[in-house]
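Tertiary structure, described
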Amino acid sequence: MLKLAEPPAPIRTTPMAPSERIAGARAVLCDLDGCLAESNVALPGAAALAQALGERLYIVSNNSTHDPIGLSQELALHGLVVPPHRIVLAGLVTVETIARRRPGARVLIAGSSVLRARAHMLGLTPAARDVDVVLLARDTGFDYTRLEAIVRELGAGAELFATNSDVSHPGRHGRLVPETGCLLAAVRACVSEAPCTVIGKPKPALYEEALRRAGCSPSEAIMVGDNPATDISGALLLGMDAILVGRHPLAEAGGPSELIA
Ligand SMILES: [Mg+2]
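Residues numbered from 1 in each chain as written. Predicted model: local features only at pLDDT ≥ 70, side-chain atom pairs only at ≥ 80, totals over all residues. Heavy atoms only, no water.

**What about the sheet that holds strand β12 (residues 196–198)?**
Note the following rule: Each pair of strands is called paired provided DSSP finds at least two bridges between the two strands. Under the scheme used here, helices are H or I runs from DSSP no shorter than 4 residues and strands are E runs no shorter than 2 residues, and both carry numbers assigned from the N terminus. Only heavy atoms matter for contacts: two residues are in contact if any of them lie within 4.5 Å across the pair. For every element, the axis is a line fit to its C-alpha atoms; helices are fit only across the contacting stretch, and the angle between N-to-C directions ranges from 0 to 180 degrees.
The sheet built from five strands is open, its strands ordered β7-β6-β8-β9-β12 with parallel pairing. Only two strands of the sheet have a single partner each, and these edge strands are β7 (125–126) and β12. Of the pairings in the sheet, the one linking strand β8 (residues 133–136) to strand β9 (residues 159–162) comprises four bridges and is parallel in character. Paired with L136 across the strands is A162, a residue of β9. Lying over the sheet, helix α6 (residues 144–155) contacts β6 (106–110), β8 and β9, oriented at roughly 150° with respect to β6. Most of the contacts of helix α7 (residues 180–190) go to β8, to which it runs at about 140°, and overall it touches β8, β9 and β12.

Here's what the structure looks like:
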């Protein structure tokens, strides 16, 4: 049977300006890197946007290295004030998902100490061998030994979870920061058949968590992002309006300062 390639997610165009659509939304879900900050340093206009949106603003990020408290403190140093309960991060949501689906599991964590601490708190057991689950995040200490351990555990039947599949995110001054997707590609090069549960955008888990905290439905919220393939397509699939910002040719706004009337 002829199999058609999946069409790219449409970029919604409406006659209403981004600032008007944001003004009418009960919750504004906003990506972090490339939208509000670069390497956790606030972009021009981001602090004013956060202040203008107040309790309607939720950061929804594929970040897998920080916890919301640490990230909130780091952003506040640059004038961007968003409290931890309005920051939803792929790393922690992945740990929470594993704790819910595989309670008490032994987990090989390729990621930051923040994820290990959270896993402990939720009753999981971080371990190096004989694990039930492999959690792959942006692991800045990733090396051959770690890859070998992951492949060994997957071969023995461990279940693979990845925080996100982005291959990079924008750093300061146009620098590309390698992301979890690169490490996932290395793992997949060894064990291509291993199924993987990806939690971050464009999958629904992060949007749904932010909507739950905001107490509103997708049609009452709006997503702001700089990545059409993750931020925007994930929001549209849930029935949420979305605004593409940044340097992309189809972007509706260049940066945060264009999002408030
Ligand atoms: Mg981004």
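Further notes follow.
**A word on the packing of helix α4 (residues 90–101) against helix α5 (residues 113–121)**
The condition that has to hold: Angles below 35 degrees are treated as roughly parallel, those above 145 as roughly antiparallel, those between 65 and 115 as roughly perpendicular, and all remaining angles as oblique. Here is the rule for handedness: rotate from the far helix to the near one, and if that takes an anticlockwise turn smaller than a right angle the crossing is left-handed, while a clockwise turn gives right-handed. Three residue categories are used. Nonpolar comprises Ala, Val, Leu, Ile, Met, Phe, Trp, Tyr, Cys and Pro, charged comprises Asp, Glu, Lys and Arg, and polar comprises the others, including Gly.
Orientation of α4 relative to α5, taken along the N-to-C sense of each, is 30°, at an axis distance of 10 Å. Comparing their axes, α5 and α4 come out roughly parallel. In terms of crossing hand, the pair formed by α4 and α5 is right-handed. The segment α4 lies against α5, with G91, L92, V95 and E96 engaging V114, L115, R118 and A119. Across the contact of α4 with α5, the residue classes break down as five nonpolar, one polar and two charged.

**A closer look at the sheet that holds strand β14 (residues 241–244)**
One key point about sheets: their strands pair by backbone hydrogen bonds, in either a parallel or an antiparallel sense. Taken in spatial order, the five strands make up an open sheet running β5-β4-β1-β13-β14, and their pairing is parallel. Strands at the two margins of the open sheet, each flanked by one partner only, are β5 (87–89) and β14. The average undirected angle you get between the axes of adjacent strands in this sheet is 20°. As paired strands, strand β13 (residues 221–225) and β14 are joined by four bridges and run parallel to one another. Each residue of the ladder has a partner; that of I222, found in β14, is D241. Packing against the sheet, helix α3 (residues 68–76) makes contact with β4 (57–61) and β5, and its axis sits at approximately 125° to β5. In this fold α4 packs onto β4 and β5, with an angle of close to 65° to the strand it touches most, β5.

**Some details on unusual backbone geometry**
Rules: For the exposure calls, accessible area comes from a 1.4 Å probe over protein chains only, and a residue counts as buried if that area is under 20% of its type's maximum, exposed if over 50%, partly exposed in between.
Following K201, the chain continues to P202 via a peptide bond in cis, the omega torsion being 10°. Mapped onto the elements, P202 comes out in the loop between β12 and α8 (205–214). The phi torsion at S39 lies on the positive side, around 50°, for a residue other than glycine. The residue S39 is located in the loop between β2 (37–38) and β3 (41–42) in this model. Residue S39 is classed as partly exposed on the basis of its relative accessible area, which comes to 27%. Phi angles above zero are rare outside glycine, and D130 is one such case at about 50°. With respect to the secondary-structure elements, D130 resides in the loop between β7 and β8. Assessed through its relative accessible area of 61%, D130 is described here as exposed.

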